[in-house]
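Given next are the chains, with one letter for each unit.
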Amino acid sequence: MTQSYEERSAVKTRRQQEDQRRMAFRRAIEDRYEQRQLLAEISEFPDATEFNYWQATPAASRRNAQPGQ
């Protein structure tokens, strides 16, 4: 069974859009990887960008914190 011209055109358009989304996602991943590499190279402490609030908070203040009620 053959497809009509409109169906083929719609399939082609959908595939192009999917390819564009995939490439945009791939570029975003590559950009993020390059950015992390550069930060690690220029940073005195390469892991400093990985700290979150709990790692930056002194352990004593965490032990003394009261649980929520």
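Please refer to the structure higher up on the page.
The sections below set out a description of the structure shown in this document. Not measured: the values here are computed from a predicted model.

## Concerning the overall build of the chain
Right, on to step 1. Counting its secondary structure elements, the chain contains 3 helices and 0 strands.
Right, on to step 2. Going residue by residue from the N terminus, the α and β elements of the chain occur as α-α-α.
Right, on to step 3. Taken over 69 residues, the chain has a buried fraction of 3%.
Right, on to step 4. Accessible surface computed for the chain: about 7000 Å², of which carbon and sulfur atoms make up 53%.

## Some words on the pattern of salt bridges
Right, on to step 1. Taken as a whole and judged by the stated rule, the model has 2 salt bridges.
Right, on to step 2. A salt bridge links Asp19 to Arg22; the nearest nitrogen and oxygen atoms lie 2.4 Å apart. Residue Asp19 and its partner Arg22 are located together in helix H1 (residues 5–42), separated by 3 residues, close to a single helical turn.

What counts and how
Residues numbered from 1 in each chain as written. Predicted model: local features only at pLDDT ≥ 70, side-chain atom pairs only at ≥ 80, totals over all residues. Heavy atoms only, no water. Helix = DSSP H or I, 4+ residues; strand = E, 2+ residues; numbered from the N terminus. Buried < 20%, exposed > 50% of the residue type's maximum accessible area, 1.4 Å probe, protein only. Areas by Shrake-Rupley, 256 points an atom, 1.4 Å probe, with all protein chains shown as cover. Salt bridge = Lys/Arg side-chain N within 4 Å of Asp/Glu carboxyl O.

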